Structures are given as structure tokens and as C-alpha cells.
Amino acid sequence: MKADDLKGKTPDQLRDQLVSLKKEAFNLRFQQATGQLENTARMRAVRRDVARVQTILTQKAAEAAAK
């Protein structure tokens, strides 16, 4: 996921995506705990995607407050 792709989305779309990413991270943690996780790199990618979405949401909120 690229930051440029996220910048074109509305805050509501970003919040929805954030919820789905957090659910995926939760499921990945359970898979790791039970020994079923095959792609361990996906955990890192999801964690970084969550951070990207949160950063873009913060930027959009700052822009809205400045206007």
C-alpha cells in the first residue's frame, strides 16, 4: 500500500481501512500464537500499513483544522 493511494481517500474510507487492518493484525497474532502463521513478513507489512493510514488521517485532520 502506498501513501499516495491513501491520500486520495476520504477520512471515512481511511477509518474503514484502519479497522480492517487492525482486524487482520489481530488474526495474524492469533495465528502466530497457535503456530499456524506461514508468512511472518505479513505482520510487519500490516503494522506499517496501520501506521501509514494513521499518519494520513492525522495529516488530513491538521489540514481541516488549519482551514
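Since we're looking at a predicted model, the values are computed, not measured. (Residues numbered from 1 in each chain as written. Predicted model: local features only at pLDDT ≥ 70, side-chain atom pairs only at ≥ 80, totals over all residues. Heavy atoms only, no water.)

Its location among the elements puts M1 in the segment before α1 (3-7). On the basis of relative accessible area, M1 is assigned to the partly exposed category, the value being 37%. Taking the C-alpha atoms as reference, M1 lies 17 Å from K23; in sequence the two are 22 residues apart. (Helix = DSSP H or I, 4+ residues; strand = E, 2+ residues; numbered from the N terminus. Buried < 20%, exposed > 50% of the residue type's maximum accessible area, 1.4 Å probe, protein only.)

Moving on, we come to the nonpolar core. Membership of the largest hydrophobic core comes to 13 residues, with the highest contact counts inside it found for L14, V46 and V53. Those elements that provide at least two residues to this core are α2 (11-34) and α3 (41-66). Of the residues forming this core, the biggest block, 6 residues, is contributed by α3. (Core = buried A, V, L, I, M, F, W, Y, C linked by side-chain atoms within 4.5 Å.)

This part covers the packing of aromatic side chains. For the structure shown, the criterion picks out 1 aromatic pair. Between the aromatic rings of F26 and F30, the centroid separation amounts to 4.9 Å while the plane-to-plane angle is 55°, which identifies the pairing as tilted. Of the two residues, F26 and F30 are both situated in helix α2; the distance of 4 residues between them amounts to about one turn of the helix. (Phe/Tyr/Trp six-rings, centres within 6.5 Å; stacked < 30°, edge-to-face > 60°.)

With that settled, consider α3. Helix length check: α3, at 26 residues, gives a terminal C-alpha distance of 38 Å against a target of 38 Å (1.5 Å per residue), a fit within 8%. Looking at the buried positions of α3, the neighbouring elements they touch are α1 and α2. (Expected span 1.5 Å × (residues − 1). Contact = heavy atoms within 4.5 Å.)

Moving on, we come to the confidence of the model for the chain. Residues of the chain with pLDDT of at least 70 account for 100%, and the chain-wide mean is 95. Of all the helices and strands in the chain, α1 carries the lowest mean pLDDT, 91, while α2 carries the highest, 97. (pLDDT = per-residue confidence, 0-100.)

Counted according to the given criterion, the structure contains 3 salt bridges. Notably, a salt bridge pairs R15 with D12, separated by 2.9 Å at the nearest N-O pair. Residue R15 and its partner D12 are located together in helix α2, separated by 3 residues, close to a single helical turn. Between R42 and E24 there is a salt bridge; the shortest N-O distance is 2.8 Å. Within this pair, whereas R42 is found in helix α3, its partner E24 is found in helix α2, the two being separated by 18 residues in sequence. Note on R42: relative accessible area 30%, which makes it partly exposed. Assessed through its relative accessible area of 26%, E24 is described here as partly exposed. (Salt bridge = Lys/Arg side-chain N within 4 Å of Asp/Glu carboxyl O.)

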